[in-house]
Amino acid sequence: MGQPVRDYLLTLCVTAAVTYLLTGPVRKFAIAVGAMPAIRARDVHREPTPRLGGIAMFGGLCAGLIVADHLYNLNSVFELSNEPRALLSGAALIWLIGVLDDKFEIDALIKLGGQMIAAAVMVIQGLTILWLPIPGVGTVALTQWQGTLLTVALVVITINAVNFVDGLDGLAAGMVCIASAAFFLYAYRLWYGYGIEAAAPATLFAAILMGMCLGFLPHNMHPARIFMGDSGSMLIGLVLSAGAISITGQVDPDLMKLFEGSEREATHALLPVFIPLVLPLTIIAIPAADLVLAIVRRTWNGQSPFAADRGHLHHRLLEIGHSHSRAVLIMYFWSALIAFGAVGYSVHSASMWIVFVIMASSAVGLVLLLMPRFTPRAPHWANRFVPPRYRHRSAEEDSALPYEERPAPVASGAQLGPADAGMDEEADERAPVAVGVSGVNGATAIGARSRFPDHRAIDSSR
């Protein structure tokens, strides 16, 4: 693939290294200023953990853009396009709002207004949707107001969709990293494969976003030493939406020169033109589904759509018996399947084996989801060859195990895994006393947090 790959790899590595090295000092700073949320009933972590991880991620973003500006193959992105500067302006604004929210818990409407203003700042500087390729119609040019409204809507939805899944250690950063990797492959193919320079900014954004997430993940994996907070989740959501806006509304489909041959051949060839309409949705498919389900669930129960609760997809994985780490890995799996499946189908749409691989992988994912309900047990003679969780044990041996390693209880209702141990008396006795400023990791980006510690049961309405 040549020299551009090495430049992108260098940019990614510098972004990841700066983010990783800054996270440690940022953690100490967050503890010093008291940016540590109290433990509430719907949280799955047991000790107060500092936030403000978005400070380190923003430092990585700035470092990645500076390095790319000085690389021979990527310098043209800054010379021919104003999109990197537009991204930096919008990211700085949304990051500042997130930092203030992590420390002072600002009002929900202020956060929503800040997200819309950040999107408007990018629109003013040229990062906006100019046209849409629509199947059966062709390329439809948008008016200035149509493009602005569509851009703002996509930014706000993506920011909050990413923030909704920020409820388990390493979940949001890992899912966005997987999505940005798939997006990088698609954008790089348009730029380097078809020679479309307009796809270069989106390719750069995806590489930098991967570096931000990879640099932060070592500090955020379970058990997390620091949370990214709204300063981080809203930041990576904005960068992700910026790439989708750039590749969807800035790349002219006519430059691909695919309108040749028979009608059937043209239909298959046009798929790379139409896939940008679907790819941004597949990238945030899991977060967006969680967002829609949460709004429907809360509205149905007579609550505010922005009222935080414990009904998100990752919470349900814990309730049916998955451990914290396995719940995160399952969410990773589905994100990768959807994102890379869409990219693979856009490249080889005529190959049925792509469909078969996606179907087979979906079947594997369903099996993984049901594993807590159907835990296999190895024969006695194979006990020494299998992991401890699959060995035959007596009730006395199970009770002697640490609480986190005991098998999930079987009940008529939902099963409770180790992460939900706060519902029994033994876990309540071990739980530390919550201190610091009230808050929650993974609350909606435009939802208000209670200013008082929430000591109600986990299965309560909040």
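Residues numbered from 1 in each chain as written. Predicted model: local features only at pLDDT ≥ 70, side-chain atom pairs only at ≥ 80, totals over all residues. Heavy atoms only, no water.

Caption draft 1: Representation of the side chain of Glu 83. Looking at the element boundaries, Glu 83 is found in helix α4 (residues 83-104). Although buried, Glu 83 forms no salt bridge, and the nearest oppositely charged side chain, Arg 85, lies 10 Å from it. There is a polar contact of 2.6 Å between the side chain of Glu 83 and the side chain of Ser 246. (Helix = DSSP H or I, 4+ residues; strand = E, 2+ residues; numbered from the N terminus. Buried < 20%, exposed > 50% of the residue type's maximum accessible area, 1.4 Å probe, protein only. Lys, Arg positive; Asp, Glu negative; His and termini not counted. Salt bridge = Lys/Arg side-chain N within 4 Å of Asp/Glu carboxyl O. Polar contact = N/O pair within 3.5 Å; in protein donor to acceptor, adjacent residues only side chain to side chain.)

Caption draft 2: Geometry of unusual backbone geometry. Omega for the peptide link from His 222 to Pro 223 comes to -5°, which places this bond in the cis form. We note that Leu 52 has phi near 70°; this positive angle belongs to a residue other than glycine. Phi is positive for Glu 105, which is not a glycine, with a value near 55°. Examined against the element boundaries, Glu 105 turns out to sit in the loop between α4 and α5 (108-124). The exposure class assigned to Glu 105 is buried, which follows from its relative accessible area of 7%.

Caption draft 3: Broad picture of the pattern of salt bridges. Under the defined criterion, the tally for this structure stands at two salt bridges. Residues Lys 111 and Asp 101 are paired through a salt bridge, measuring 3.5 Å at the closest nitrogen-oxygen approach. A residue pair is termed long-range when its members are at least 10 positions apart, and Lys 111 in helix α5 and Asp 101 in helix α4 qualify at 10 residues. A single burial state applies to Lys 111 and to Asp 101, both of which are buried.

Caption draft 4: Local environment of the nonpolar core. Core analysis: the largest hydrophobic core is formed by 94 residues, its most contacted members being Leu 61, Leu 204, Leu 235, Leu 238 and Ile 247. No other element matches the 16 residues that helix α7 (residues 171-194) contributes to this core. Among all residues touching Leu 238, those that are not within four sequence positions of it are Leu 87, Gly 90, Ala 91, Ile 94, Ala 118, Met 122, Val 155 and Ile 159. (Core = buried A, V, L, I, M, F, W, Y, C linked by side-chain atoms within 4.5 Å. Contact = heavy atoms within 4.5 Å.)

Caption draft 5: Expanded view of the confidence of the model for the protein chain. In the predicted model, the protein chain carries a mean pLDDT of 76, and the fraction of residues at 70 or more is 65%. In the model of the protein chain, helix α17 (residues 425-430) stands out as the element of lowest mean pLDDT, 38, in contrast to helix α2 (residues 54-69), which has the highest, 96. Of the regions scoring below 50 in pLDDT, residues 261-268 engages in three contacts with residues more than four places distant in sequence or in other chains. Contacts of residues 410-462 to residues separated by more than four positions or lying in other chains number 142 contacts, the stretch itself having pLDDT below 50. (pLDDT = per-residue confidence, 0-100.)

Caption draft 6: Up close: α7. Spanning 24 residues, α7 covers 34 Å between terminal C-alpha atoms, matching the ideal 34 Å at 1.5 Å per step. Most of α7 sits inside the fold, with 19 of its 24 residues counted as buried. Count one or two residues on from α7 and you reach Gly 195, which has phi positive near 70°. (Expected span 1.5 Å × (residues − 1).)

Caption draft 7: Spotlight on the packing of α7 against helix α14 (residues 324-347). Their axes nearest at 9 Å, the elements α7 and α14 cross at an angle of 10°. It follows from the interaxial angle that α7 and α14 lie roughly parallel. Note on element contacts: α14 touches α7 through Val 328, Met 331, Tyr 332, Ser 335, Ala 336, Ala 339, Phe 340, Val 343, Ser 346 and Val 347, opposite Leu 171, Gly 174, Met 175, Ile 178, Ala 181, Ala 182, Leu 185, Tyr 186 and Arg 189. Tallied by class, the residues present in the contact of α7 with α14 amount to 15 nonpolar, three polar and one charged. (Axes fitted to C-alpha atoms, helices over the stretch in contact; angles between N-to-C directions. Parallel < 35°, antiparallel > 145°, perpendicular 65-115°, else oblique. Nonpolar A, V, L, I, M, F, W, Y, C, P; charged D, E, K, R; others polar.)

Caption draft 8: Broad picture of α4. Look at α4: 31 Å from first C-alpha to last across 22 residues, which is about the 32 Å you get at 1.5 Å a residue. Just beyond α4, the residue with positive phi is Glu 105, at close to 55°.

Caption draft 9: How the structure looks around the side chain of Thr 15. Inspection of the secondary structure assignment puts Thr 15 in helix α1 (residues 3-33). A polar contact is formed between the side chain of Thr 15 and the backbone oxygen of Thr 11, at a distance of 2.8 Å. Excluding anything up to four places from it in sequence, Thr 15 contacts Gly 60, Leu 61, Gly 64, Ile 208, Gly 211 and Met 212.

Caption draft 10: Geometry of the packing of α5 against helix α6 (residues 144-164). Contact geometry for α5 and α6: axes closest at 9 Å, N-to-C directions at 130°. Considered as vectors, α5 and α6 are oriented oblique to each other. For the crossing formed where α5 meets α6, the hand is right-handed. Contact with α5, carried on its side by Leu 112, Gln 115, Met 116, Ala 119, Ala 120, Met 122 and Val 123, involves Thr 148, Thr 151, Val 152, Val 155, Val 156, Ile 159 and Asn 160 of α6 and no other residues of that element. (Left-handed = near helix turned anticlockwise from the far one by under 90°.)

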